[in-house]
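The residues making up each chain are set out below.
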Amino acid sequence: MSAITRETVAHLAELARIEMKDDELTALASELEIIVESVKSVSDAVSDDIPATSHPLPLQNVFREDVVGNTLTAEEALDGAPDAEDGKFKVPAILDEG
Amino acid sequence: MSDEILSFEEAMEKYDPVLGFEVHVELNTATKMFDAAPNGFGNTPNTNITPVSLGLPGVLPVVNGKAVESSIKLGLALGCEIAPVSHFARKNYFYPDTPKNFQTSQFDEPIAANGSIDIELEDGTVFTIDIERAHMEEDAGKLTHMGGSSGRIQGAEFSLVDYNRAGVPLVEIVTRPIVGAGERAPELARAYVAAIREIVKNLGISDARMERGNVRCDANVSLMPKGTTEFGTRTETKNVNSLRSVERAVRYEIQRHAAVLESGQKIVQETRMWHEDTRETTAGRPKSDADDYRYFPEPDLVPVVTDEAWIERLRSELPEPPSERRKRLKTDWGFSDEEFRDVVNAGAMDAIEETVAAGAPASVARKWWMGEIARIAKDREVELTETGATPQTVVELNKLIEAKKINDKIARQVLGFVVEGEGEPAEIVEKRNLAVVSDDGALNTAIDEALAAMPDVADKIRAGKVQAAGAIVGQVMKATRGQADAARVRELILEKLGIEN
Amino acid sequence: MTDIIKLSAAELVAKMESGELTSVEITQAHIDHIIATDGQPLDADNRAAGKSGLNAFLHLNAEEALEVARGVDEDRAAGKELPALAGVPIAIKDLIVTKGQPTTAASRMLEGWMSPYDGTVTQKVREARMPILGKTNLDEFAMGSTTEHSAFGVTRNPWSLDRIPGGSGGGSAVAVAGYQAPLALGTDTGGSIRQPAAVTGSVGVKPTYGSISRYGVIAMASSLDQVGPCARTVMDTALLHEAVAGHDPLDSTSQNRPVGNFVDAAREGAAEGGLKGLRVGVIKELSGEGFQEGVLNRFNESLELLKNAGAEIVEVSLPSVKEAIGAYYLIMSSEVSSNLAKYDGVRFGLRVLPEEGPITIERVMSATRAAGFGDEAKRRIILGTYALSAGYYDAYYGSAQKVRTLIQRDYAKAFEVADVLVSPTAPTTAFKLGAESKGDPMALYKGDIATVPTNLAGVPSISLPAGLADEDSLPVGIQFTAPAHEDARLYRVGAGLEALLESQWGAPLHEQMPDTLELIRDFDFGA
């Protein structure tokens, strides 16, 4: 596992959609390095024959009947929206063509 | 702007195409995949939603049991193994049509895997396509791009989002690479998607209307130089919304790839968008997250565990597979290969089957559905079933003919009135007084008149030229406006003239 | 008035039933005390500055609370049958959505957002006819152990105003410890109910995973989050747990089994001989090295009391617990990175436009998330994004899930020889605000060592006060853990030990807490 560089954090920040300034990237890189170093022993502690536990308690086949329930009105849905138009959520352009 | 393309023939001389398909099928459940919002098409924007479909803070998903059963049925129909344990996973990427900024899907443990289906091309050639997997997931919302031209994402100033479709249950069917189709690749592409559509429709798990996006195909195309076996770089073409588009898009991408490779350049692995209007593809939006979806098991959902009893119950509920049904019907009906293929291509199979079930011989059903009704459908540019003619109409017309109440010509007229909405055939015959004149008295009068008008013909008949009777029959039919039974008229003429038939 | 707010929920119920008190009087008394001690709960500037009070509440819901109280009083007067806790006011952690009141998760991201729906626990509280006093402060999106990561100012510990109240649920713990509410709801992902309970001298329970619905609880780490009760007595937590537990078809991870009889268990445990024969397993790895001396002293005294009461003390080992912190931070941050993706400025909450350059949705999302999330949230999102990244999944997330299996096996083995396990809740008493070590987040994370293993395993756990540490006279918490679905055992042993300790102290521990109004008057908030 490679050391966490500023560039690594920049890539992660992009994946996570968080704008970060240079000083933030640098600070996070060193903090992440510490965290990653100290959690490394986790992978050393396990072997292939140990199954993974994704849920703390075993449950299976929890299904819902295919029956329509209460819905929100468009007003309720859009009430908390930062921007809306024509009963829809409004978002800025997707492509950068400036 | 347009890309260079090579002619298809030239491309085929030099390269072998490798295909792959990801077909998304929208299930026709009453509610969404993970919440109780209605699964509906075309409603007022942002009304078919619950806090869950909108991904509001605090919400949790719960799996629609019916969607799981539909997915298992589809897996079985595709000859897949159904996973004993299958998990949902989160596919993480940011896009405004995705309410949680992750899609709940399946990753390494899909509900169904390792199947195959046989695809029969029009000339009867059969290709086997291997299915890698079929997995459950949810649809995204719908973006409308505003302020630009023709609603395209390019040039748009802003976009509007409707989350009605967000969370609609999907099954994604992924094929293994399809090698060896050669020049039949575009045709095979079309036939494959048609087969999937037919299967899901037959299972009753999807409305299967491509124009509504119920069945959507992403077509992967790559080329390898003839004689080699290493796959080339592939592109994934989206926005292929009809069977015709599938065929055209695959053909186009083969030609475009060939041109790129011929010019010594490399194919860029990317998403291409198909444009039916210009019949070409353009580079799609570059996906910066494409190689890193950070899949992990969905912690808010628990595994789907199947057992033999459940799978066997679902298997017992499966309808007969379309290909087997075709084989059976062809044998039952005694049609020739060509006759049957025509019936299938005309989309008349269901109608004929129903007509036969309602009591008409297969040959009669075929005659009507492939003949007069097909002609009406073509004139009006509608589907056979939308003409107003029903299996029952055909059965009734046939009964009237067999009872000699009407003849073929009148029957066609009656059909015309049926599709005009005048009622049932028997009713129309009655109302319009179209029944064959079977009253010998009336016929005799008409015959006497005809004989009197054509004494020379009468003499010829008397002299033994029996075939001359045709002229008299014609005259009688004219006089009765076609409503006479021609055979009976002929009998009466010969009787009257004392000729032994 | 002071007397009312010092009563437990159980006592309040008794006094309402006897006609001695009304719900309106009770609710009003608590509202008055909140206003007197919390600073200005509705004053954003004071809140942001962390000034002038406990700052346990982000939103005060006085009007609606009194209305509910009035309704309960009327129905009681009319002789109608009422739910067990009807009329007892409650505070709700601001991570749980409430229709008609703001829900912020203590984040700028959700400032001003009103949920159009109620969480299932919120609905249960309404069905139980409990007046909701308001929403309590927390570390942003429940990420932290000090409540200093709230976007709306720190919450202060009523034992000493310059000390942390614990976290993430500092607000709920302080609300009950500071007599602002007899009951509160918290959430616990890695100790967010228990550690604040420990450092504020109150009681907090993390139930079995799936015991209480998570629907309507803003997700931090889905496979670890659990809602639980906070109060000043074990009996009160049992009462609240019973009122809000139960299967919820809207939560796929909700346990579909009958709710345990927690109140009876607490009563039995507190009765004479209630702990006789109970096998208590002392966790070797969590009762020595790394723990403050005063914490260990109180812990060992409690063990003595349990032994004298007839409990059998045995030693157990959880060898994999040394990997718990690492596994916890990998699983938690991974789930956090995905759960917090929905905060993007499209459907609800904050939207921030980039300061320069083209306005595209991608850049707006990035600017919104940069402005809306605090440092700790960002740190965990980035760590989780890294842990889930292509190429690292198996080493990190995958391995962490395996450690989870090992820890579960450790617990299963320990529960073969013990009915409940015991350890201190936290290695230290409340440390000073602002002392969070800069540049080494792991130092702070290690404070969660005793609490995170139970979240990883899904087993239930309770923290209750064991006394005050010799060094600083601050509360020490003791934690019991039971096997999954055996939450009742926690109430039995918890109430039993509580009774033993109180008979030793002569009064509840809280009687030793300084008067909050005096503390506030003498405290230099500008410091």
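In the nomenclature of an unreviewed UniProt entry, chain A is known as Aspartyl/glutamyl-tRNA(Asn/Gln) amidotransferase subunit C of Rothia terrae. Here chain A is described in UniProt, under the heading Sequence similarities (unreviewed entry), as follows: "Belongs to the GatC family." Regarding chain A, the UniProt comment filed under Subunit (unreviewed entry) reads as follows: "Heterotrimer of A, B and C subunits."

Whenever I open this one, the overall build of chain A confuses me. Can you help?
Counting secondary structure elements, chain A contains 4 helices and 3 strands. When the helices and strands of chain A are placed in sequence order, the string is α-α-α-β-α-β-β. Relative to the compact-globule value of 13 Å for 98 residues, chain A shows a C-alpha radius of gyration of 22 Å, a clear excess of over 25%. The dimensions of chain A, computed from C-alpha atoms along their principal axes, are 50 × 50 × 20 Å. When the 98 residues of chain A are sorted by exposure, 34% land in the buried category.

Can you help me understand the interface of chain A and chain B in this one?
Think of interface size as the accessible area that goes away when the parts come together; that is how it is often given. Facing 34 residues of chain A, the contacting portion of chain B comprises 42 residues. When residues of the side of chain A that touches chain B are traced back to their parent elements, those giving at least two are β1 (63–64), α4 (74–79) and β3 (88–92) of chain A. Split by residue class, the side of chain A that touches chain B holds 16 nonpolar, 9 polar and 9 charged. Summarising the sheet, β1(A) and strand β2 (residues 63–64) of chain B pair through 2 bridges and their orientation is parallel. Within β2(B), the residue paired with A:F63 across the bridge is B:V63.

Just checking my understanding: could you explain the interface of chain C and chain A for this structure?
At the interface, 59 residues of chain C touch 48 residues of chain A. Broken down by secondary-structure element, the contributors of at least two residues to the side of chain C that touches chain A are α12 (324–339), α13 (361–372), α14 (375–388), α15 (394–417) and α16 (441–445) of chain C. Residue contributions to the side of chain C that touches chain A peak at 12 residues, all from α15(C). Per-class residue counts for the side of chain C that touches chain A are 31 nonpolar, 18 polar and 10 charged.

Honestly, the sheet that holds strand β6 (residues 102–105) of chain B in this entry has me stumped. Any pointers?
What holds strands together in a sheet is hydrogen bonding between their backbones, with the strands either parallel or antiparallel. All names here are of chain B. One open sheet accounts for 3 strands, arranged β6-β5-β17; its pairing is antiparallel. The open sheet is flanked by β6 and β17 (296–297), the only strands paired with a single partner. Relative to β17, strand β5 (residues 89–92) is paired through 2 bridges, and the arrangement is antiparallel. Each residue of the ladder has a partner; that of R90, found in β17, is F296.

What exactly am I supposed to notice about the domain arrangement of chain B here?
All names here are of chain B. According to the domain assignment, chain B contains domain 1 (8–294 + 305–314), domain 2 (320–431) and domain 3 (440–496). The straight-line distance from the C-alpha centre of domain 1 to that of domain 2 is 36 Å. With 7 residues of domain 1 in contact, the opposing surface of domain 2 contributes 4 residues. Mapped by element, the contributors of at least two residues to the side of domain 1 that touches domain 2 are β7 (112–120) and α3 (185–203). The element contributing the most residues to the side of domain 1 that touches domain 2 is α3, with 3 residues. Residues that form the side of domain 1 that touches domain 2 fall into these classes: 2 nonpolar, 1 polar and 4 charged.

Any chance you could explain the confidence of the model for chain A here in plain terms?
Should pLDDT be low for a region, the predicted coordinates there are not to be read in detail. Mean pLDDT for chain A: 92, with 97% of residues reaching 70 or above. Within chain A, helix α3 (residues 41–44) of chain A has the poorest average pLDDT of any element, 90, and β1(A) the best, 98.

Looking at this structure, how should I read helix α11 (residues 293–308) of chain C?
Spacing of three or four residues puts side chains on the same side of an α-helix, whose turn is 3.6 residues. All names here are of chain C. When the terminal C-alpha atoms of α11 are compared, their 23 Å separation across 16 residues agrees well with the 22 Å that a helix rising 1.5 Å per residue should span. Of the residues making up α11, those classed as buried are V295, R298, F299, S302 and L306. In an axial view of α11, the angular spread of the buried residues amounts to 100°, which keeps them on one side of the axis. More than 90 degrees from the buried face of α11, the exposed residues found are E293, E304 and N308. Looking at the buried side of α11, the elements it contacts are β7 (279–283), β8 (312–316), β9 (420–424), β10 (461–468), β11 (475–481) and α18 (487–505). G310 sits one or two positions beyond α11 and adopts a positive phi of about 100°.

Mind showing me how you'd approach the sheet that holds strand β10 (residues 158–162) of chain B here?
Strand order in the open sheet formed by 4 strands is β2(A)-β3(A)-β10(B)-β9(B), and the pairing between neighbours is antiparallel. In the strand order of this sheet, the two ends are held by β2 (84–85) of chain A together with β9 (142–146) of chain B, each with one partner. In this structure, β2(A) lies alongside β3(A), joined through 2 bridges in antiparallel fashion. The residue bridging A:E85 from the neighbouring strand is A:K88, located in β3(A).

Is there a simple way to think about helix α9 (residues 234–244) of chain C in this case?
Residues and elements named next belong to chain C. Of all 11 residues in α9, 11 are buried; the element is thus mostly enclosed. V234, M235, D236, T237, A238, L239, L240, H241, E242, A243 and V244 are the residues of α9 that are buried. Downstream of α9 by one or two residues, G246 has phi in the positive range, about 130°.

What should I look at first to understand the packing of helix α14 (residues 440–453) of chain B against helix α16 (residues 469–479) of chain B in this one?
If you want to describe how two helices pack, look at the angle between their axes and the distance between the axes. All names here are of chain B. Relative orientation of the contacting elements α14 and α16 amounts to 125°, with a least axis distance of 9 Å. One way to sum up the angle between α14 and α16 is to call them oblique. The element α14 and its partner α16 pack so that their crossing is right-handed. Between α14 and α16, the residues in contact are L443, A446, I447, A450 and L451 and I472, Q475, V476 and A479, respectively. A per-class count over the contact of α14 with α16 returns 8 nonpolar, 1 polar and no charged.

How should I be thinking about the pairing of β8(C) in this particular structure?
Two faces belong to every sheet, and in a regular strand the side chains alternate between them. Residue and element names in this part refer to chain C. Strand direction decides the pairing type here: β7 and β8, joined by 5 bridges, are parallel. Of the residues in β8, the one forming a bridge with R279 is E312. Note on the crossover from β7 through α11 to β8: the handedness is right-handed.

Please explain the confidence of the model for chain B as it appears in this structure.
Chain-level statistics for chain B give a pLDDT mean of 91 and a share of 97% at 70 or above. Across the predicted assembly, pTM comes out at 0.89 and ipTM at 0.96.

The rules behind these values
- Numbering of residues starts from 1 in each chain and follows the order in which that chain's sequence is written.
- Written order decides the labels, with chains lettered from A and ligands numbered from 1.
- Only residues with pLDDT of at least 70 are given local features in this predicted model, and only at 80 or more are side-chain atom pairs given and counted; all residues enter the totals for whole chains, interfaces and linings.
- UniProt positions are given in the numbering used here, feature names are shortened, and annotations may be inferred rather than shown by experiment.
- Secondary structure elements follow DSSP: runs of H or I no shorter than four residues count as helices, runs of E no shorter than two count as strands, and numbering proceeds from the N terminus.
- Only C-alpha atoms enter the radius of gyration; for comparison, a globular chain is expected to reach 2.2 Å times N to the power 0.38, where N is the number of residues.
- Exposure is read from a count of other C-beta atoms within 10 Å of each residue's own; the residue is exposed at 12 or fewer, buried at 20 or more and partly exposed in between. C-beta atoms are placed from the backbone.
- C-beta atoms are placed from the backbone for every residue, and two residues are taken to be in contact when these atoms lie within 7 Å.
- Under the scheme applied, nonpolar residues are Ala, Val, Leu, Ile, Met, Phe, Trp, Tyr, Cys and Pro; charged residues are Asp, Glu, Lys and Arg; polar residues are all the others, including Gly.
- DSSP calls a pair of strands paired once it identifies at least 2 bridges connecting them.
- Throughout the structure description, domain borders are defined by an automatic or database domain assignment.
- A residue's pLDDT is the confidence the predictor assigns to it, expressed on a 0 to 100 scale.
- Take the number of residues in a helix, subtract one, and multiply by 1.5 Å to get its expected span.
- Summarising the geometry, the arc corresponds to the directions from the helix axis toward the C-beta atoms.
- To get an axis, a line is fitted to the C-alpha atoms, and for a helix only the part in contact is used. The angle between two axes follows their N-to-C directions and goes from 0 to 180 degrees.
- Any angle from 65 to 115 degrees is called roughly perpendicular, while one under 35 is roughly parallel, one over 145 is roughly antiparallel, and all others are oblique.
- Left-handed describes a crossing in which the near helix is turned anticlockwise from the far one by less than a right angle; the clockwise case is right-handed.
- When the strands point away from the viewer, a crossover counts as right-handed if the path from the first strand over the helix to the second runs clockwise.

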